[in-house]
Amino acid sequence: MTRIIDPQTAIAMIEQGNRRGLAKAITFVENGGAEKEFLLEYAYRKKCRPTLVVGITGAGGAGKSTLIDKLVTEYRAQGKTVGVIAVDPSSPYSGGAFLGDRVRMSNHNTDNGVFIRSFGSRNCLGGISEAAKNVLYLYKAFGFDVIIVESIGVGQDETEISKFVDVTTLVLVPGLGDTMQMAKAGVREIADVFTINKSDKPEAEILKEQLVISFGILPPELRPPIISTVASEGVGVKELTAAISETAEKQKEFADVKRRERIWAEVSSSVLYLLQKKFQELIKDEVEEIYAGKTTPFEASKRLAECIECRKD
Ligand SMILES: Nc1nc2c(ncn2[C@@H]2O[C@H](COP(=O)(O)OP(=O)(O)OP(=O)(O)O)[C@@H](O)[C@H]2O)c(=O)[nH]1
Ligand SMILES: [Mg+2]
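What counts and how
Residues numbered from 1 in each chain as written. Chains lettered and ligands numbered in written order. Predicted model: local features only at pLDDT ≥ 70, side-chain atom pairs only at ≥ 80, totals over all residues. Helix = DSSP H or I, 4+ residues; strand = E, 2+ residues; numbered from the N terminus. Buried ≥ 20, exposed ≤ 12 C-beta atoms within 10 Å, placed from the backbone. Pairing = 2+ DSSP bridges. Near = placed C-beta within 6 Å.

Asks: Describe the overall build of the chain, with residues and values.
Replies: Helix and strand content of the chain: 13 helices and 9 strands. Counting across all 313 residues of the chain, residues that qualify as buried make up 36%.

If you want it as structure tokens, here you go:
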């Protein structure tokens, strides 16, 4: 007979390092309500031991999931436990583990030191969905040595993920016109470490040269590491973990600034999420009014904004 697990029991299980407790807590958080709030409060307030949180971002198909699979293998070889928050854009649903990533990360299915959760990329505000962000809190409370967060994002979204993680690596691939994209987005803000994946392709060298040139304007100590990988073969993965650790070490100097930025991002993304949910119905009505020519988007949005009366006495 399976035992019924309540939130309090889930917490006790997490405290003992029981993965079933973690899985149950994730389900509670996904289902919402009082249980969600209770568990998130616990996770946020818990004095967690240090975890290295790594963000892997980049365009669709760059090889992020393949790279994460190999990073997990490398971290496991180093004796570290790993929690993965994966994005599976091929799925329109949010919540389960999906076929695509299940296949790519299947090597770790039977490993007790690895926990993988996959999400669809819907409902992403700032490259990380509300659901994925909540799982990150629970993972921290569980106490993995390393947590890896995959996010897809273009431009602005990529900078947002960086606020929730310690070190971000942007995965670029040769021949995709990434450099143009990067130039627009202001690369240096996006990532701490640059990974050129699919380095088995001949154009990889050109991309590397372009990156070296564009970082050449920075003082040497500010130039980010550029690591070439062939994720499908595991090439360059050890070097990538080394660059990530070094970067994390250097960033400790700015820990205070980063922590405030993170709190800001945590609050603002949650507020946006809640407001979006609240306003959805109201906006639906306004759409009809605007469609019928009874009002304008400007009037409507002003009226909606006035619904929030906020005072800070
Ligand atoms: N040639 C080559 N192919 C690779 C390499 N790394 C990954 N691939 C292939 O690229 C394809 C996409 O890989 P994924 O790992 O799914 O990429 P992703 O960035 O996670 O993609 P999304 O999650 O869809 O954004 C797969 O067919 C991989 O086998 C590499 O280093 N070289
Ligand atoms: Mg992927």
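Once the structure has been displayed, the description carries forward.
Asks: Tell me about the pairing of strand 2 (residues 82–87), and name the residues and values.
Replies: Burial runs high along strand 2: 6 of the 6 residues are buried. In this sheet, strand 3 (residues 114–119) lies alongside strand 2 in parallel orientation, the contact comprising 6 bridges. Each residue of the ladder has a partner; that of alanine 86, found in strand 3, is serine 118. One ladder, built from 4 bridges, connects strand 2 with strand 6 (residues 146–152); its direction is parallel.

Asks: Help me get a handle on the site of ligand 1, residues and values and all.
Replies: Around ligand 1, a shell composed of 18 residues is seen, among which Gly60, Gly63, Lys64, Ser65 and Thr66 lie nearest. Tallying contributions element by element places helix 4 (residues 64–77) first for the shell around ligand 1, with 3 residues.

Asks: So what's going on with the pairing of strand 7 (residues 167–172)? Residues and values would help.
Replies: Counting buried positions over the 6 residues of strand 7 gives 6, a clear majority of the element. Residues Val167, Thr169 and Val171 point to one face of strand 7 and Thr168, Leu170 and Leu172 to the other, with burial holding for every one of them. Direction of pairing for strand 1 (residues 52–58) relative to strand 7: parallel, over a ladder of 5 bridges. Of the residues in strand 7, the one forming a bridge with glycine 58 is valine 171.

Asks: Please provide a residue-by-residue account of the environment of aspartate 285, values included.
Replies: Mapped onto the elements, aspartate 285 comes out in helix 12 (residues 255–291). Residue aspartate 285 is classed as exposed on the basis of its C-beta count, with 11 C-beta atoms lying within 10 Å. A sequence separation of 15 residues divides aspartate 285 from alanine 300, and the C-alpha atoms of the two residues are 9.9 Å apart.

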